Amino acid sequence: MSLIARLDRVLQSLPQTYAGPGGAVAVLKDGKAIVRHAWGWANAERRLPFTPRSLFRICSITKQFTCGLVLDTFPDPSLLDADVKARLPHLKDMAPTTLHLCHNQSGLQDYWAVAMLHGALAETPFGNREAARLIGATRALQFVPGTRYSYANQNFRILSDILEARSGRSYAELVRAGIFAPAGMSTAFIAADTRAMPDGSEGYEGTVSSGFRPAVNGMFWGGGDASIGASLDDMIAYEAWIDATRDNAGGLYRRLSAPVTFSDGALAAYGFGLARETIFGRAVTRHGGALRGWRSQRLHIASERLSVVVLFNHNASPGDAAEELVAAALGIDNPKSTGDLPAPDWLGTYVEPETGLAVRLGKSGPKTLLMRYGTGPDELTLQADGSAVQADSGVRLRPGKDGPGKDGPGKDGPGNDGLWLERPQDNQTSRLIPSDGIATSDIAGAYRCADLGADLSIVDAGGAFYGACSGVLGDGRMELLEPIGKDLWVMPCPRGVDHFPPGDWTLAFMRDGANRITGIQLGCWLARRFDYTRMA
């Protein structure tokens, strides 16, 4: 089957496989667009068709543009390290450097996640004032900068704020002159107000069965974490520019995609606003973006001179769609797993000791299991040796050298080394702690986090327990708590201020010698280890 025929087959299936109001995709080979296609509606209510010229929120794809401006303006980014420190006046720990921010190795708690602990709802207005307030109030880090990876949106907000202060020019002016103009992105702009787009394009929430309705957003993005709006044609121009400058030693994308390491020399899977992965045996640089109702993905395979862009104005997965297009472009079959393997005897609930977060493991298919630990469930494939892996990310669960033990999952015993979680993208390997026992019902009360100046109320509502956060951004809604182990509960965050939830909040209750609850250690994947003291 020819290249065009393979791509056409995928294009015909995309509107059904990733059903929603509309979408647009592009595939570039050797710097030329061989696919430029859109379908459906940019605004279903106004019957505006989705076209390659429709404006779109590319959201976190913005981060690589911000890092590009840093490298172009300050070839030695360390010149900005004092500026970074000055923007964290209450930080008690060692301040991260500019490069730590560029590589998501800063150790900062993500400010969109922390916003939820301060009572923000998904629809809460959140702009420059709120952002500055939360960033400036930072008191502690969740790890030593440079040692681990953790996504933190304000890393890039801080960088763009510093660039503005240093240059006396707005971020919009800087990115227009530094990237949009050289790349030929003629309609790209700063889409700061998430409530509307100038051409009427709309983002949607819902499903095929429930129907789709416009998503309500209250974010105001003035900075370099997620503010750019662009059309498919703008993104095609960007990808073509990447190819045209591929052999230039000083080419911007070449510098952005250079290898990055942690402080111990281990290779990092994220740097300068780009994820580094391997897909179908090829090295890939990529990034996605999301806000309520908007999902985007771009990826580039330098060895193949191949780029793919996917834009959805609904919540289907653009990353999966992009990989389908890559497989078709490369002529690679992507067969589904067949056969079955028995469920391992180490499934269950654990705590990861460094982050303090719950890890829940359950069988999901003949050869797969779901791990609930990060921002959403991760599917891992079971292996004949008793481990489970996620091929693209390298995430691995493995029993210790002598297996999970005769006494049950993760039990200590002679010759038993427990269950280990390896997350190379986080530069982390840890032995998981099993969470045995049944949660008790004495958790209701008022709790306060001194570092945040925020409160958590837990209420027994007729035998069901609910929790709600309050702080400088208001009073959050009551969320149903789920018991998952002894003194271990989870509280869902259906959505952060951004589209993606920051992962379920783990609530680990602490007790004194008299077995009375004294407090909670609370955290999620993006913001960890907040200590709450029981007040009543």
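Residues numbered from 1 in each chain as written. Predicted model: local features only at pLDDT ≥ 70, side-chain atom pairs only at ≥ 80, totals over all residues. Heavy atoms only, no water.

One open sheet accounts for 9 strands, arranged β21-β20-β19-β18-β17-β16-β15-β14-β22; its pairing is antiparallel. Only two strands of the sheet have a single neighbouring strand rather than two, namely β21 (428–431) and β22 (433–434). (Pairing = 2+ DSSP bridges. Helix = DSSP H or I, 4+ residues; strand = E, 2+ residues; numbered from the N terminus.)

Attention now moves to the layout of surface pockets. Approximately 470 Å³ is the volume attributed to the second largest pocket. Taken together, 24 residues make up the lining of the second largest pocket; nearest its centre are Tyr-253, Ser-257, Ala-283, Thr-285 and Ala-302. Per-class residue counts for the lining of the second largest pocket are 11 nonpolar, 7 polar and 6 charged. (1 Å grid on protein atoms, 1.4 Å probe; cavity = no way out; pocket = protein on both sides within 12 Å on 5 of 7 lines; lining within 4 Å. Points joined across faces, edges and corners; volume = space filled by probe spheres on them. Nonpolar A, V, L, I, M, F, W, Y, C, P; charged D, E, K, R; others polar.)

Core analysis: the biggest nonpolar cluster contains 125 residues, and Phe-65, Leu-507 and Tyr-532 have the highest contact counts within it. Residues in contact with Phe-65, not counting those within four places in the same chain, are Ile-58, Tyr-171, Val-175, Ile-179, Phe-180, Met-185, Ile-228 and Tyr-238. (Core = buried A, V, L, I, M, F, W, Y, C linked by side-chain atoms within 4.5 Å. Buried < 20%, exposed > 50% of the residue type's maximum accessible area, 1.4 Å probe, protein only. Contact = heavy atoms within 4.5 Å.)

When pLDDT is averaged along the chain, the result is 92, and 95% of the positions lie at 70 or above. Residue range residues 402–415 is modelled with pLDDT below 50. Its contacts to residues more than four positions away, or to other chains, number 26 contacts. (pLDDT = per-residue confidence, 0-100.)

By the element assignment, Glu-479 lies in strand β27 (residues 479–480). For the buried Glu-479, no salt bridge exists, and the shortest N-O distance to an oppositely charged side chain is 4.4 Å, to Arg-477. Those residues in contact with Glu-479, other than ones at most four positions away along the chain, are Phe-465, Tyr-466, Gly-467, Met-491, Pro-492 and Pro-494. (Lys, Arg positive; Asp, Glu negative; His and termini not counted. Salt bridge = Lys/Arg side-chain N within 4 Å of Asp/Glu carboxyl O.)

Glancing now at the packing of aromatic side chains. In this structure the tally under the stated criterion is 16 aromatic pairs. Centre to centre, the rings of Phe-465 and Trp-489 are 5.5 Å apart; their planes meet at 65 degrees, and the pair counts as edge-to-face. With a gap of 24 residues between them, Phe-465 in strand β25 (residues 464–471) and Trp-489 in strand β29 (residues 488–491) connect regions that are remote in the sequence. No difference in accessibility class separates Phe-465 from Trp-489, as the two residues are buried. Ring pairs connect the aromatic residues Phe-65, Phe-180, Tyr-238, Trp-241 and Tyr-253, which therefore count as one cluster. (Phe/Tyr/Trp six-rings, centres within 6.5 Å; stacked < 30°, edge-to-face > 60°.)

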